[in-house]
Structures are given as C-alpha cells and as structure tokens.
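Report on the structure
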Amino acid sequence: MAPVSLQAVRKVYGDIKVLHGIDVDIADGEFIVLVGPSGCGKSTLLRMIAGLETISAGDIRIGGRVVNELEPKDRDIAMVFQNYALYPHMTVATNMGFSLEHRGASKAEIAERVKWAADILDLSHLLERYPRQLSGGQRQRVAMGRAIVRNPQVFLFDEPLSNLDAKLRVVMRGEIKGLHQRLGVTTVYVTHDQIEAMTMADRIVVMNAGRVEQIGAPLELYDRPANLFVAGFIGSPAMNVLGGTIADSRFNAAGVSLPLPTGIGITGAARYGFRPEHLLLTPDGLPAVVSLVEPMGSETQVTMRLGEHAVVGVFRERVAARPGETIHILPDLNAVHLFDTKSGARIN
Amino acid sequence: MKTDLSPRLRVALYGLMCVLLIPFVFPTWWMVTSSVKPISDIFAFPPDLWPRRFDFSTYSRVFELQPFARQYWNSAYIAALVTAGTMVVSSMAGYAFARIRFPFSNTIFMVVLLGLLIPSEVTIVPLFQMFLRWGMINTHWPLILVPIFGAPSVFATFVMRQFFIALPGELEEAARVDGLGRFKIFWIIALPLAKPALGAVAIFTFLHSWNLYLEPIVFLSSTQMFTLPQALTQFTDAYGGAMWNVQLAAATMTAVPVLIVFIVAQKQFVEGLAHTGLKG
Amino acid sequence: MSDISQQKRPFWTIARKDAAAGYLFIAPQLIGIITFVLIPLGLVFYYSLHEWNVLANTFTFVGDANYQMLLRDPNLPPVLLASAIFSAGLVVVNMSLALLLAVLLDQKLKGIVVFRTLFFSPVVVSLVAWTIVWSFLLQANGGINGILQVFGIEGPNWLRTPTTAMISVVVVQVFKNVGLNMILFLAALQGVPKELYEAARVDGASRFKQFRRITLPMISPTILLTSIITIVGSLQVFAQIAILTKGGPGVSTTVLVYYLYQQAFQFNFFGYGSTLSILLFVIVAVLTFIQWQMRKRIVFYEN
Ligand SMILES: Nc1ncnc2c1ncn2[C@@H]1O[C@H](COP(=O)(O)OP(=O)(O)OP(=O)(O)O)[C@@H](O)[C@H]1O
Ligand SMILES: [Mg+2]
C-alpha cells in the first residue's frame, strides 16, 4: 500500500498532445476513479502509472519514489485489463501464479497465495480450467485474482466491467468495492460510466480532453460541480443548463424568467443550472408545456418546454399530465448552480 | 453457396470430382507401382495399373548406383536445420516488426520485403561467386544459410508478422506488469500462442528446402554431397538413358514419407496454410 | 525534487531499451537480407557491366556491352515469348482450376475432406519426383500414350513437339501446385458472410448471379494475392523445364530462368547471365507493380 502522486504529468505522441499536465495526489489506501468521455486520456494516464506508456514530462511517484523510468514490474503495481488479458495457453492457477513465478517465489508460496486469492474470489473450483472454458464474469474474477495474488502497492483497473452485461456489472462492482474494503490497497480505477464512478469512488477525478476538470468526493462533484463540464458529466439525466442574463435578482432566459438563490452579487450573462431531480411541482411555479412523460415506477421523468428551453424533470410523485398539457414547476433554489458563460466556471 | 443439394446434383458433383482427381492421384500411383516393375514391363502395352510381376531389386539398385542413404541424410538434415533456423529467425523478426516500436521499423520492413520480390534465380550468380570466395562451394552451407537468413525466409517473416499483429496487446502488457522482459514475453507468451502460424511456416519451409533444385545443382558437385532432388535425376545407364524403374523407386522413397506425414496430419496442414496465408 | 529527477533521466530509458531489443530481434533477418539479397543484387548489376571469362580468369569492364548483346540476342525474343506463354498459360489454368476446385470443395458433401486431401497431395510430393513421374508418363511410349492407345488414339511425342511440350510443362506445374491456391480460395469462400447469400436469395438472384455478384467480389483480395504469388512463382520455374524438356525442342520451352542458368552455369557467361538476371528482376518488379496498381480497380472489397 502506498500513496500515488502525479505532478504536471504530460503525454505527447509525436505532435499530438494527449495529456496537458495532470496533478493528482492519491492517498494511501484510497479508491480513486478516473472518469471522462471517450478519448480524454484516462487509459493513457493509467498506463503511465503502470509504466506501459512513457512519461513525456512530469513525475509519477509511488510510495514517494519517482517511478518514471522504472519498468512496470519494478513499480509494484497490478493491473486488471478491459479484456482481462488472461494468458490463453495457461490454466487459471498458472495465470494467477504467473507473476509470483517470475519473481522467484517458491512453489509452496505460489500455491498458498493462489489458494488464498481463489478462496476470496470463489475461484477454487476453476483453478485447472483454461480461460476459454470460463464465463465472462469468471474471467473477470480470475483477472482480479491475478492482481491480488501478489499483494501489490497499487491496483490499476481499466474499464474492467465494460465487457459484462448490466446485471453482472452491478454484482462485480460490489465485489471490487468489497475487495478494496477488505484489502485496503490504493486503487486507481478508470471508467466512463459515471454510475460506477459515483458508487465506487472515495474520490473522483473528472477528466476532459487531457485535463483534470475537478477532483472530489462523489457527492461533492454532484452537489458543487466546479464547472459546466463536470455539471453536465456527473448526474443522470444530465443537469439542465439555461443561458441568459442576471438582472434585478432574476435570471432571464429566452421566454422565461427564473428566481435566483439569495446572495448572488453579480449581474450580466451567465448560465443557470439545476438537476432534473431538483425540480419541484408547485401550483405557483413557472408554466411548462409537457412534451414527453416517461414513468419509471419509483419516479417519473418528464421532458417539457420551459420558455424556449427543453428541460427534463424527475419527480417522485406520479405525474398524470399528457403531452401538450401545462404543469407548474420551480427549481429548488438551494440546488441551483450558476456558471460563467465564457469560462464555464462555477460562480455561486 | 452452401445450400442443400439435390441427390442428382450430388452424384454429378461426386462424378466430376472423381474425374478431376485422376491427374492429381494417378501420377503418384503410377510412380509407386512402376517402381516395382521389372524394366521390361515398364512400357508394357496395355499399361498395367497393377504390376504383373514384382521386382523389388530396384530399391537395392538405388543404393548401389548412388550413395542414396547419404543423399537422403543430406536432404533431411538440411531441411530440418533450415526449418528450425527459419522458425527462429522469422518469428523473431516477425515479432519485432509487429510489436516492438523502434526507429525506422517500417522502412526496414519494406527493405526486407524486397526479398519477396526478388526470385532467388536473380541472385544466384553473385551468390555462387560469394560462396566460391568463402570456400563454401560443394558444401551444404549455401543451402542452409541462404534459406534461413535470405530471401526464402522473408515469406515466413511476413506470415509471422501478420500473426503477431493480431495478438491482443493487453496480453503483452499484462506480461510486462507480471515482470517479464521483452525476450521472455516473446518466448513465454507470444511464441506459444503462435503455434498455428509456426506450423504453417514449418511446413512451407520444409517443403521449400526439400524441393530445392537449382541451388544444389549450382552449388554442389560431388555425389556424396548431393541432395535428393539432384540425386533423383542421376539414375542413368552407361548410355545416358534413364533407368526408369530405379529412378521411380528413388522418387518413391523421396515422396512417400512426406506424403504419409501429410495424410496423417492433413487437417493441421491444410488449415494452418489456409488461415495464415489468407490474412495477408 | 521534481526537477532533479527530470535531469537524472538515464540514457537507457524504457523506450530505448525496447528499441534495442527490436533491433536485436530483426538483426539476423536484416543482416541476412543485406548479405544474401541486397549485396548480391548490387553485384548482379556490377557483373552485368563486365565481361567475365572464367577460363582465362579475366574480368573487364565493358560498359553496356552486355545490354547491347541482350538487345541483339536472337534467342531472347523466343525465350521471352516462351516465358510469356508459360506464365500466362499457367496463371489462367491454375487460377481457374483452383477456383473450380474450391467451389466444389465448398459444397456440403460427405467425405469432402478426402477429396480435399487428395487434390492437395501433389503439393507435398517432392517436386523433382513429381516431374520425373510425369516425364515418364509423357514419354512417346509412356503411360499416357499407352492409355490413349487403348482407346485407339495415337498420342504425340509430348515432350519432343514444341506445342505439346509447352502444354506439358504447364500442365505438370498446374497439377503440382494448384492445391495451394485451391486452399486459399476455399478459405476465402468460407469467409464470405452467409447473410450475403441469404439476402441475394431473398432478392431472387440465381446461383450463377450470386457467384458473380457476391462471391467473386468478396474473394477478389485473395484472387489478387494468389495471382501475384502464382505469376512470380511461374517466372521461377526451373526444375520442371530442366527435367522434362531441357528447354527444347529448340528453344520452345526455354524460359528466362532456364536460359539464364544455361548462359551463366553451362556456358560460363557470368556477365551476360547477370544481365539476364537484371532483366528477370525488372520483369518481376514491373509485373508486381502493375498487379498492385490493379488492386484499386479489380478488388471491390478489402477488409
Ligand atoms: N499511440 C497513439 N498515438 C497517437 N494518439 C494516441 C495513441 N494512443 C492514444 N492516443 C490518443 O490519446 C487520446 C487518449 O486516449 P485514451 O486511450 O487514453 O482515451 P480514454 O480516455 O481511455 O478513452 P476510452 O474511454 O475510449 O477508453 C485519444 O485521443 C487517442 O486518440
Ligand atoms: Mg480507455
């Protein structure tokens, strides 16, 4: 177990700049999730921590030691790959013991560690099988077994669940989280699924186009997104964002005027954001014309027109309105987010 | 095209294939049967599909007329060495071209591919001069060195490269994390997974070496050193006429063992070739 | 601290070590290609500018004299013609037979593997052995004429008549190697997605139309690849000619490689032999280039 620290880490492929200076400090034993849209550089960053990609500039430290020029094997990390990367020509047991074998562990020691890992992951009955004889979930567990066998300082996961079906994904999510709680090993986990990020992370690093947009605990990102990008990326369905101007303690957007939270000292152009679940149905609210109603059982998702803007609301109560009808809504003023129009940065 | 066929069409197809088979199968049959006919029966009319008299002395004559056992050994050990050597050289080169990033790798690969374009006949004259200078004429070195390192191994390198390109990169990365260096990744991970491609390469290379004809007759001059293809053409009587039955006995001994190996292992043989040759 | 580590970057970075491994891995092949292909290729050109008398052991620069000789060599036009006829005949017969056999083997029939094995078997029969049997079969009093005579047909002396000699060498070569192309075609046919045929059947296309409109385009990359291999291979045919006809009768089956061999190693004209090698190289290069260009036009589909 060890802290991991990234300082001004950059990556270029020839002329293509992929990472523009990443600073992240990961505490000992922390579960960090990197999220961001496809192509933003999450895998690249993870692979740089692993030593599978060279570091163009900056420093990566594991346990206080600069590892920039260390081979992956000397960094004391273990990685779980998206497609599991199990060696097809070796049995599950050999796969799991492989790294120990190549670090000169004795046969007895290997057998003991493999048994320990297999017990934890419920793989004991599969040890003599070959990867092709396993189901997707079992392969996933073998890949994790291979990682934990060695008791490394850091676990690295690159979208390990993306090849599983939805149900299994939820199960494995729990297993990975449980494993982390049990072993307490520093973990860096890459995903583009924000639900995975929210449910698993101690802290989330939101990345976009090779930059870190925000680092924080899941609820922190949800409650106080630092900028428009994080606001739009975290939360589903996405936050409603309206462009307009602040004047006379109101926010004026096309065709609608919204109330502001108290204590907003600024005026001029801004963006006004509220999450669908923070819309309230109230008779003295603003009129909105319903265009689509999607009952989910526990809640109801309604798409409607507010002034000239399409907004989405999620309501705990069952909404009986039909398309074309008008309902009255109001954003919860404690959960309204204001952003700068140009920089996208949060201003309230 | 794989629809179920009507019984009548089925019979027609079997018939067609049987007729087409004749020129593929009959020569081998004729070779084996004629090799045990006495010389007087060899041009008998009408032709005997089954020998009317057997004369197995042709087989001992083969060994009396030439150091045939020695020549057999020459061909066998050369082919074995060339096959093993080519597998090493081309799997290493194919692996590096497919998976290792190093400056100029593409340019170098293009240069190596030139070997595919240049028939070995083009370079036979200077090769002869080079081996003459090195004192290697009438030795087996040219037949071993050139195929392993020169143009003939380029095809093998190409096949291996195509195979390794398709290997998932994650496997190698997992191996690196597990503590293997380049050489061990190649040896423990990549190569064992490349068995089908290696098999195809081995087959191609062995057959190529086993069949080599121009090179032996250019480089070798004493019967002790001859390889089988060269030896096969040397069975003539005092007047230069072909001793057909003896020659066919030698040909049978050359061809049949390989044929038997092929029939036993035909599945791996054919499918190995199909799957590596195709994805070019 | 960060700056210190930046300065202390070792020379042998991970990337450099790996690149060094790469060079190490390709070294045997690269050195081999330089020694046994590139240097000889340079030497061939160098020799072709010289007159080389082996007996007198003289080696004199003659400029383009050998190339002049090439242009005036009365044997060259018939040799090139023979090469062209041989290659064209071989490619056409080989490719069409290979395709026919592949289509037959692609049918759902019991025991098809036995047929596949037998059609392929000549590929693994020693080339010289195969040629010797055919030579034996094609003798004036050999097996083929024997069989023809049973049906009352007087066969020609196959290997001693110009036309039949050429046909014979082509046929012997085709049956020897057609199995290779057959297997490649078969694999390509089996790689055509079944849905395409199903869609065509729904559209009411006949079998023949399916073949022309779906099968051929889909396997055209394989056709191109095999045609390149077959043509380049056809220019290298040597053992068959040496054993069956020795280039005769006359020069009717003297293909370029055989002529080259005669000039260089039978008559010891190394200089002129080298000039012929250059010619062979140019022909192969041009043909390959043309076929590569044709890829754009002929190949409808590429993955
Ligand atoms: N070898 C390379 N050469 C050039 N560009 C590359 C290379 N590898 C990756 N990139 C680029 O780097 C960027 C980041 O890639 P990366 O794989 O890290 O994305 P990601 O965030 O993991 O995306 P995904 O969610 O799709 O996996 C991409 O724009 C990609 O095109
Ligand atoms: Mg990724």
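Cut-offs and rules
- Residues numbered from 1 in each chain as written.
- Chains lettered and ligands numbered in written order.
- Predicted model: local features only at pLDDT ≥ 70, side-chain atom pairs only at ≥ 80, totals over all residues.
- Heavy atoms only, no water.
- Helix = DSSP H or I, 4+ residues; strand = E, 2+ residues; numbered from the N terminus.
- Contact = heavy atoms within 4.5 Å.
- Areas by Shrake-Rupley, 256 points an atom, 1.4 Å probe, with all protein chains shown as cover.
- UniProt positions renumbered as here; feature names shortened; annotations may be inferred.
- Buried area = accessible area lost by both parts, 1.4 Å probe.
- Salt bridge = Lys/Arg side-chain N within 4 Å of Asp/Glu carboxyl O.
- Nonpolar A, V, L, I, M, F, W, Y, C, P; charged D, E, K, R; others polar.
- Buried < 20%, exposed > 50% of the residue type's maximum accessible area, 1.4 Å probe, protein only.
- Pairing = 2+ DSSP bridges.
- Domains from an automatic or database assignment.
- Polar contact = N/O pair within 3.5 Å; in protein donor to acceptor, adjacent residues only side chain to side chain.

1. Side note on the overall build of chain C
Each helix and strand counted, chain C has 13 helices and 2 strands in total. Taking the principal axes of the C-alpha coordinates as reference, chain C spans close to 100 × 75 × 35 Å. Intrachain contacts of chain C at a sequence separation of at least 6 include 66% that bridge at least 24 residues. If you sum the accessible surface of chain C, you get close to 13,900 Å²; carbon and sulfur atoms cover 66% of it.

2. Things to note about the UniProt feature "transmembrane region" (unreviewed entry) in chain C
UniProt records the feature "transmembrane region" (unreviewed entry) at residues 21-47, 79-105, 117-137, 165-189, 222-245 and 265-290 of chain C, using the numbering of this structure. Structurally, residues 165-189 of chain C is divided into 100% helix and 0% strand, and its ends, taken at the C-alpha atoms, are 34 Å apart.

3. Some thoughts on the interface of chain C and chain B
Residue-level contacts link 100 residues of chain C with 102 residues of chain B. Roughly 9,000 Å² of surface becomes buried between chain C and chain B when both sides are summed, with 79% attributable to carbon and sulfur atoms. The largest contributions to the chain C side of the interface with chain B come from Phe25(C), Phe36(C) and Phe136(C), which together make up 10% of the buried area. Joining chain C to chain B, the criterion identifies 1 salt bridge. The closest approach of N and O atoms between Asp18(C) and Arg182(B), which form a salt bridge, is 2.7 Å. The leading source of residues in the side of chain C that touches chain B is helix α2 (residues 14-48) of chain C, at 23 residues. The residue makeup of the side of chain C that touches chain B, split by class, is 69 nonpolar, 23 polar and 8 charged.

4. Overview of the environment of Gly307(A)
Structurally, the position occupied by Gly307(A) is in the loop between β16 (300-306) and β17 (309-315). Look at Gly307(A) and you get partly exposed, because its relative accessible area is 32%.

5. A short note on the pairing of strand β3 (residues 31-35) of chain A
Residue and element names in this part refer to chain A. When you tally the buried positions in β3, you get 5 out of 5 residues, the bulk of the element. Every second residue of β3 is oriented toward a common face, with Phe31, Val33 and Val35 on one face and Ile32 and Leu34 on the other, all of them buried. Taken together, the 4 bridges between β3 and strand β8 (residues 186-190) define a ladder with parallel strand orientation. Its bridge partner being in β8, Phe31 is matched across the sheet by Thr187. The pairing of β3 with strand β9 (residues 203-208) spans 4 bridges and is parallel. Bridging from a neighbouring strand, Val35 pairs with Val206 of β9.

6. A word on the domain arrangement of chain A
Residues and elements named next belong to chain A. Each domain of chain A was delimited in the assignment, giving domain 1 (4-233) and domain 2 (240-339). Using C-alpha coordinates to define each centre, domain 1 is positioned 39 Å away from domain 2. Each partner contributes to the interface: domain 1 provides 7 residues, whereas domain 2 provides 7 residues. Interface of domain 1 and domain 2: buried area, both sides summed, is about 590 Å²; carbon and sulfur atoms make up 62% of it. Taken together, the connections running from domain 1 to domain 2 amount to 0 salt bridges. Summed over the shared surface of domain 1 and domain 2, the number is 2 residue pairs in polar contact (both at pLDDT 80 or more). Those elements that provide at least two residues to the side of domain 1 that touches domain 2 are α7 (218-223) and α8 (228-233). For the side of domain 1 that touches domain 2, the element with the highest residue contribution is α7, accounting for 3 residues.

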